[in-house]
Amino acid sequence: MKVKILTLYPEIFPGFLGFSLTGKALAEGKWSLEVVNIRDFATDKYGSVDDTPCGGGAGMVMRADILGSAIEASHQGGKLIYMTPKGKPLTQAKLHELAKEPELTIVCNRFEGVDERIIEVYQPDEISIGDYVLTGGEQAAMIMLDGVIRLLGGVLGNNESAQDESFEHGLLEYPQYTRPIEWKGMKVPDVLLSGHHANIEKWRKEQSLKITETKRPDLFKKYLDLKKV
Ligand code: ADE
């Protein structure tokens, strides 16, 4: 997968994506990273990229002409994404969809956002990583990319390991244990030591349902609604 990032802070990348599984996958060429500095498309000697909002109000807005030039110079194919708290909330299903794309071009917001005409002209996929506001889209883009890259073929050591985890079946993952078998007077549940695969699977499903109902009643309701249809 080819990833292009449009940002005013190119030094932020690859950041934590250069470590662990995502870093190894980058070194192995399972994904590539091109970082484009939006400021390189500024047209005045000060390198201005933003201006005050029309109609007044706090903050600055990224100029459509400058960002438009950066997008047109970089976005040659694949999906165009704009990270914004106004976007659709990111989900595991969306990560799977993005992991199928050959190329992602990601625009990172700063300031009060970008001139609305950018959205109208380029119609990017607007994505939010949650209902809270960060200082910029870079952090959001990195979190989204971390989730996408681990789903690319051959990135996770064991191809099974993405299958049972939280959200993959609309439920949170069951609890995990390892040695020591007894710690602070607490024992690993007997069923996990039984070697009885059908019972273990049954126990894990029950636990998944219980944990999801308690911790994420919203997810649990969605899961039950989906089961009904
Ligand atoms: N930029 C600032 N906050 C954001 C968020 N929650 N999601 C995506 N991009 C953002």
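Structure first, text after, so check above.
None of these values were measured; they are calculated from a predicted model.

Visitor: When you look at helix H5 (residues 137-149) in this model, what are you seeing that I'm missing?
Guide: Structurally, the α-helix is built with 3.6 residues per turn, so residues lying three or four positions apart point the same way. In a regular helix each residue adds 1.5 Å, so 13 residues correspond to 18 Å; H5 covers 18 Å between its end C-alpha atoms and thus fits that length. Of the surrounding elements, those touching the buried residues of H5 are strand E1 (2-7), helix H1 (20-27), strand E5 (79-89), helix H3 (92-99), strand E6 (103-108) and strand E7 (125-128).

Visitor: Would you mind going over the packing of helix H6 (residues 197-215) against helix H7 (residues 217-228) with me for this structure?
Guide: Describing two packed helices takes the angle between their axes plus the distance from one axis to the other. Viewed as axis vectors pointing N to C, H6 and H7 meet at an angle of 125 degrees, and their least axial separation amounts to 5 Å. It follows from the interaxial angle that H6 and H7 lie oblique. The residues of H7 that touch H6, namely those facing Lys205, Leu209, Thr212, Glu213, Thr214 and Lys215, are Pro217, Leu219, Phe220 and Tyr223.

Visitor: Help me out: how do you make sense of the site of the ligand in this one?
Guide: Around the ligand lies a shell of 14 residues, among which Asn109, Ile129, Gly130, Tyr132 and Leu134 are the nearest. Interatomic distance of 2.8 Å between a backbone N/O atom of tyrosine 132 and a nitrogen atom of the ligand. Elements with a contribution of two residues or more to the shell around the ligand: E5, E7 and H5. Considering every element that reaches the shell around the ligand, the biggest residue donor is E5, with 3 residues.

Visitor: In this structure, what is going on with the nonpolar core? I would like to understand it.
Guide: Counting 29 residues, the largest nonpolar core has Trp31, Ile81, Met83, Ile106, Met144 and Leu145 as its most contacted members. Counting only elements with at least two residues in this core, the list comes to E1, E5, H3, E6 and H5. The biggest single contributor to this core is H5, with 7 residues. Counting 18 residues, the second largest nonpolar core, distinct from the first, contains Leu8, Val49, Val107 and Ile118.

Criteria and thresholds
Residues numbered from 1 in each chain as written. Predicted model: local features only at pLDDT ≥ 70, side-chain atom pairs only at ≥ 80, totals over all residues. Heavy atoms only, no water. Helix = DSSP H or I, 4+ residues; strand = E, 2+ residues; numbered from the N terminus. Expected span 1.5 Å × (residues − 1). Contact = heavy atoms within 4.5 Å. Axes fitted to C-alpha atoms, helices over the stretch in contact; angles between N-to-C directions. Parallel < 35°, antiparallel > 145°, perpendicular 65-115°, else oblique. Near = heavy atom within 4 Å. Polar contact = N/O pair within 3.5 Å; in protein donor to acceptor, adjacent residues only side chain to side chain. Core = buried A, V, L, I, M, F, W, Y, C linked by side-chain atoms within 4.5 Å. Buried < 20%, exposed > 50% of the residue type's maximum accessible area, 1.4 Å probe, protein only.

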